[in-house]
Amino acid sequence: MKSMTRVLPKLNGEAHWGVAILAIIILLGVLVPLLSPFNPIRSAGDTFITPGMPHLFGTDQLGRDVFTRTFAAAQLDITLAVLGVAFPLVIGTFMGGVLGTTRNPVVSGAWLIIIDAINAFPFLAIVIGVVAMVGSGVQGLLIALAAVNWARYAKIARARALQLRDADFIHATQVLGYSRVQVLTRHILPNVYSESLAYGLSDFVIVIIAIAGLSFLGVGVRPPEAEWGAMISDGRPFLRQAWWITVFPGLTLSLTAIGVALLAQGLTNRSRGED
Amino acid sequence: MSTHQMAKLPSRSRFDAVAFGMGIIQNRIVSRLLRSLLVGFGVMTIAFFLLRLVPGDPVQLLLGDTGTPELVEAYRQMLGLDGTLPEQYLRYLGSVMQGDLGTSINSSVSVNTIIARSLPVTLWLIAVTIVLALALALPLSIAAAIYQRTWFGHTFRVASSILLATPVFYSGLLLLLLFAIQLKVAPVAGYRTTFPTNLNYLWLPALVLCGVMVPITARVLQSSVIDTLDQEFVETAVVRGLGRLTFTWRYLLRPSLAPTISLLGYMIGQLLSAAVVVELVFNLPGIGTSLIVEGVLLRDYPVVQGIVLVFGMIVVIVSFLSDLVSGWLDPRTQT
Amino acid sequence: MQSGPLSLENRAGELQDNGQPLLQIRDLKVGFAKSHGILPVINTANLTLGRREAIGVVGESGSGKTMLCRSVLGTLDRHGARVLGGQIMFEAHDLANAPESVWSKVRGKQIGYVPQSSLAGLNPVINVKTQMVEAITAARPMSVQDAEKEAVELLEVVRIPRAKDVLREYSYQLSGGMRQRVMIAAALAQKPKLLVADEPTTALDVTVQKEILTLISRLRRELGMALILVSHDLAVIEEVCDSLMVMYAGASFEAGSVSVTVHAPRHPYTKALHDSRVDTAERGKPLEAIAGEPPTIGSWPSGCRFWPRCPLGDDKCRAGDQPTLRHVAQQLTACIYAERMGDGHD
């Protein structure tokens, strides 16, 4: 928390925009059950009502309020994306840290091939492959993301751990008689995790788009749950007569991803500027 | 590795350097090939274990309680689930090496047939996208490198962030609405296999894919042109008053291409991911559509397994080739 | 050499024409355009160079000597800098913020450039031949075959053995000294009236340094080129040049013939530079380093920029602007106390 307060005032213009966009979307996502009189998965009146009052974003083919659904989906999508980044981040970074410090070439070589092989697959294709096997839905999505995405974090963490292992201060701690486990948990992993967190922010953009994409394809979150990708898919047959069913959830998804991307860019620019 | 670091390397005598260089080129190709083979092997292993991720017994899941023992046994064989795990693994590797990717449960068609039918569509889509993306990204990246600190560079940065953050299924639907439904300059959906009629169906999906490819390519290329601009040889080229074309191609682009091309494998991966979604948006009968429609939605495990394997193999092969090409384009990477 | 690429006949007329200097830089000001204003790097630079004359420019890093070269070469804008004032008269052209139409007459035709050897002056992805042919045809349109022949001759002029083989090679296959010879040959391809060499021997081995300097010195005399040689090393300049200009913190401090400037300087900074030289230091006597640090670009002190480090510095030195050059004896100097540095001072 202390580091956050040190970071925030120094953010540049782009990052400010990112924070502002995210704050509005998250706030609306949290408040929509209080603000909106409608239920996200129940009909609220006529179908295909054009945007206006009281249906700000109109209603869909089943008469559900698109505004309520869009921000109910914000809650779900953002939560899923946070978890979809967090699990692989924690697992992959730990694996990478261990692999970067191990002295057994056979073990680390074998794991490295597995990691490279997972990373070789097109991200969406392998996630779809895993979902097809473990089953769709929220649980399947999260399992697939964790099973695939950890390898990217492991790759980054291993490279960083290798650097650290050769750094002087690690040598110093070894001379002081720390055990390998102590060096790993007290010195390598904390440093490696900060690197992974930086990547995690840009990974968030990929993951949230992948989650919506899978649901759009019908292999992610299942209807009638309000989810951006599923909503866009719902609206697709009615694109001509009721564009709002598709456009508003898509716009909110894009804005969320842009907000995170701007934040990530602002942060990397800042750390580069200080070099 | 920048040229700056290269220049600082101690210089050997010329004869040594040539002899050493030749050795390195061969070693490099051999070691890259070995590495690609290992990763390819890993890719097959992961495709094999994919089926083992199914919770419980896949055959039970497919047949429910209705299966007769004979049917269960037939399914077991079709999925390669008979025998011990090492046996299954060796048999899988053996048949994949012979080019046999198994048989669809639903249609009893071999997975090879499905892929042979749908892969060309995807390859066409990718080829058109790459041509289009390069035509846009080359001039953009050079301009963005030269005018990095002006409004243009800033706009480029923000615009590419926005494009990368826009999901292709969303931009695809919007462009479909605009070009196919409102302006009626593109077909709404469908495909014809004959060239050049197929281009009529491919240009809009390719444009959507460019929304991903152009920012990725242009950013990589921009940062590498920026590195090149700092080099002393660009200064000497300016002083020599070389023609604009010669200067741009030989002094800005060629030295900057190698890093971009060596990332081609990664970029193809991104492109294939996006292509899966775009194919479904535009109803193109490509491999992505097969994966979802014939594979995932029908729980046709061998189809999913085979197509995912093909996706992985394409990336492994492209990565290997791009390494070779970038070495040929830039003699520096050979040392 | 008779009718070779470098025969002087076709230029004999030009060389004798008049007593005008080839290059005259007057009160040059150069600055970087930053978002919050302008960061000056050169404030008052003055330099006069006759035909066939060799001038050395000496100064510490940050003195503006490389930017001075860039303003003559026309590459300032590439580095985000531009001329803010003054003149750069090259023959009849004023190169200060000159339009592209003027540069196209000068670039690649009249001014040759040899870069710092520490940086990669040769394009790493194309071979030596292509680069030589480019340089030759950019200066004088001719067929590729003729240009290739001339490239061989040029490499022989800079004493590269097996010139034909070297043409097929890439920069990473060449030694540092060889690379620098190729750079010189490419500069000669333009038959320049002026050769600008910015620290051409910095990163080379000591023996190779000597060879390259001898080569530049010989070629200049044989081909009748003028030379600007930038260095931080007085010994290098003494060996090659006729005259010398001393730069400090973006200003010309002293100018004159090499021997007088080195041995009877009229500026305390020049004297300090000379006293801190390693090559002429007397045995047993401690080497005198210049006290303090050179000022960083943009935070120059008021008055004479050297006063905080100067043994003669007093309140008078701190007042006003950086003094401009004035004549004292045979020298041009920017020190207000130059008269105090009499002939017997050294």
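Computed from a prediction, not measured in an experiment: that's the story for all the values here.

Structural notes on the overall build of chain B
Turning to step 1, where the next piece is worked out: Regarding its fold elements, chain B presents 14 helices and 0 strands.
Turning to step 2, where the next piece is worked out: Put simply, chain B runs from its N terminus to its C terminus through helices and strands in the order α-α-α-α-α-α-α-α-α-α-α-α-α-α.
Turning to step 3, where the next piece is worked out: Here the C-alpha coordinates of chain B stretch approximately 85 × 60 × 35 Å along the principal axes.
Turning to step 4, where the next piece is worked out: Out of the 335 residues in chain B, the part that is buried amounts to 51%.
Turning to step 5, where the next piece is worked out: Pairs at least 24 apart in sequence give 72% of the contacts found in chain B among residues at least 6 apart.
Turning to step 6, where the next piece is worked out: Here chain B displays about 15,300 Å² of accessible surface, and carbon together with sulfur accounts for 67% of that area.
Turning to step 7, where the next piece is worked out: Averaging the coordinates of the 21 positive side-chain charges in chain B and doing the same for the 17 negative ones gives two points 14 Å apart.

A look at the packing of helix H7 (residues 176-188) of chain C against helix H8 (residues 206-223) of chain C
All names here are of chain C.
Turning to step 1, where the next piece is worked out: Between H7 and H8, whose axes approach to 10 Å, the crossing angle comes to 15°. With respect to H8, the element H7 is oriented roughly parallel. Handedness of the crossing formed by H7 with H8: right-handed. Mapping the contact onto sequence places Gly177, Gln180, Arg181, Ile184 and Leu188 in H7 and Val208, Glu211, Ile212, Leu215, Ile216, Leu219 and Leu223 in H8.

A few points about the pattern of salt bridges
Turning to step 1, where the next piece is worked out: Following the criterion strictly, the structure yields 29 salt bridges over all chains and no others.
Turning to step 2, where the next piece is worked out: Between Arg250 of chain B and Glu134 of chain C there is a salt bridge; the shortest N-O distance is 2.5 Å. Residue Arg250 of chain B is found in helix H11 (residues 244-262), and its partner Glu134 of chain C is found in helix H4 (residues 128-139); the two belong to separate chains.
Turning to step 3, where the next piece is worked out: Here Arg107 of chain C makes a salt bridge to Glu100 of chain C, at a shortest N to O gap of 3.0 Å.
Turning to step 4, where the next piece is worked out: What makes Arg107 of chain C buried here is its relative accessible area of 13%.
Turning to step 5, where the next piece is worked out: Residues participating in the shared-partner salt-bridge network are Asp60, Arg64, Arg69 and Asp234 of chain A.

Examining the domain arrangement of chain C
Residue and element names in this part refer to chain C.
Turning to step 1, where the next piece is worked out: Each assigned domain of chain C is listed here: domain 1 (20-241) and domain 2 (247-341).
Turning to step 2, where the next piece is worked out: Relative to domain 2, the C-alpha centre of domain 1 lies at a distance of 27 Å.
Turning to step 3, where the next piece is worked out: Between domain 1 and domain 2, the contact holds 22 residues from the first and 22 residues from the second.
Turning to step 4, where the next piece is worked out: Taken together, both faces of the contact between domain 1 and domain 2 bury some 1,800 Å²; the carbon and sulfur share is 60%.
Turning to step 5, where the next piece is worked out: The three residues of domain 1 that bury the most area against domain 2 are Glu60, Leu234 and Glu238, which together make up 31% of that side's buried surface.
Turning to step 6, where the next piece is worked out: At the surface where domain 1 touches domain 2, the tally comes to 1 salt bridge.

Digging into the pairing of strand E2 (residues 37-49) of chain C
Residues and elements named next belong to chain C.
Turning to step 1, where the next piece is worked out: Inspection of the sheet shows strand E1 (residues 23-34) paired to E2 by 9 bridges, in the antiparallel sense. Note that in E2 the partner of Gly31 across the bridge is Pro40.
Turning to step 2, where the next piece is worked out: Hairpin connection of E1 to E2: 2 residues between the antiparallel strands.

Here's the deal with the interface of chain A and chain B
Turning to step 1, where the next piece is worked out: Taken together, the 43 residues of chain A in the interface contact 49 residues of chain B.
Turning to step 2, where the next piece is worked out: At the boundary of chain A with chain B, total buried surface from both sides reaches about 4,000 Å², with 77% on carbon and sulfur atoms.
Turning to step 3, where the next piece is worked out: Where chain A touches chain B, the interface holds 1 salt bridge.
Turning to step 4, where the next piece is worked out: Across the chain A-chain B interface, the total number found is 8 residue pairs in polar contact (both at pLDDT 80 or more).
Turning to step 5, where the next piece is worked out: Every element with two or more residues in the side of chain A that touches chain B is listed here: helix H4 (105-120), helix H5 (123-134), helix H8 (180-216), helix H9 (228-235) and helix H10 (244-274) of chain A.
Turning to step 6, where the next piece is worked out: In terms of residue class, the side of chain A that touches chain B is made up of 29 nonpolar, 10 polar and 4 charged.

Quick notes on the packing of aromatic side chains
By convention here, two paired aromatic rings are described through the distance between centres and the angle between planes.
Residue and element names in this part refer to chain B.
Turning to step 1, where the next piece is worked out: Inspection of every chain in the model, using the stated rule, returns 27 aromatic pairs over all chains.
Turning to step 2, where the next piece is worked out: Here the aromatic rings of Trp124 and Phe195 are separated by 5.2 Å at their centres, their planes lie at 20°, and the arrangement is stacked. Of this pair, Trp124 sits in helix H6 (residues 111-146) while Phe195 sits in the loop between helix H8 (168-182) and helix H9 (197-229); the two residues are 71 residues apart in sequence, bridging distant segments of the chain.
Turning to step 3, where the next piece is worked out: Residue Trp124 is classed as partly exposed on the basis of its relative accessible area of 32%.

Some thoughts on the nonpolar core
Turning to step 1, where the next piece is worked out: Counting 156 residues, the largest nonpolar core has Ile128, Ile208 and Leu217 of chain A together with Phe169 of chain B as its most contacted members.
Turning to step 2, where the next piece is worked out: By size, the runner-up hydrophobic cluster in this structure holds 64 residues, among which are Leu215, Leu234, Val246 and Tyr248 of chain C.

Cut-offs applied
Residues numbered from 1 in each chain as written. Chains lettered and ligands numbered in written order. Predicted model: local features only at pLDDT ≥ 70, side-chain atom pairs only at ≥ 80, totals over all residues. Heavy atoms only, no water. Helix = DSSP H or I, 4+ residues; strand = E, 2+ residues; numbered from the N terminus. Buried < 20%, exposed > 50% of the residue type's maximum accessible area, 1.4 Å probe, protein only. Contact = heavy atoms within 4.5 Å. Areas by Shrake-Rupley, 256 points an atom, 1.4 Å probe, with all protein chains shown as cover. Lys, Arg positive; Asp, Glu negative; His and termini not counted. Charge placed at Lys NZ, Arg CZ, Asp CG, Glu CD. Axes fitted to C-alpha atoms, helices over the stretch in contact; angles between N-to-C directions. Parallel < 35°, antiparallel > 145°, perpendicular 65-115°, else oblique. Left-handed = near helix turned anticlockwise from the far one by under 90°. Salt bridge = Lys/Arg side-chain N within 4 Å of Asp/Glu carboxyl O. Domains from an automatic or database assignment. Buried area = accessible area lost by both parts, 1.4 Å probe. Pairing = 2+ DSSP bridges. Polar contact = N/O pair within 3.5 Å; in protein donor to acceptor, adjacent residues only side chain to side chain. Nonpolar A, V, L, I, M, F, W, Y, C, P; charged D, E, K, R; others polar. Phe/Tyr/Trp six-rings, centres within 6.5 Å; stacked < 30°, edge-to-face > 60°. Core = buried A, V, L, I, M, F, W, Y, C linked by side-chain atoms within 4.5 Å.

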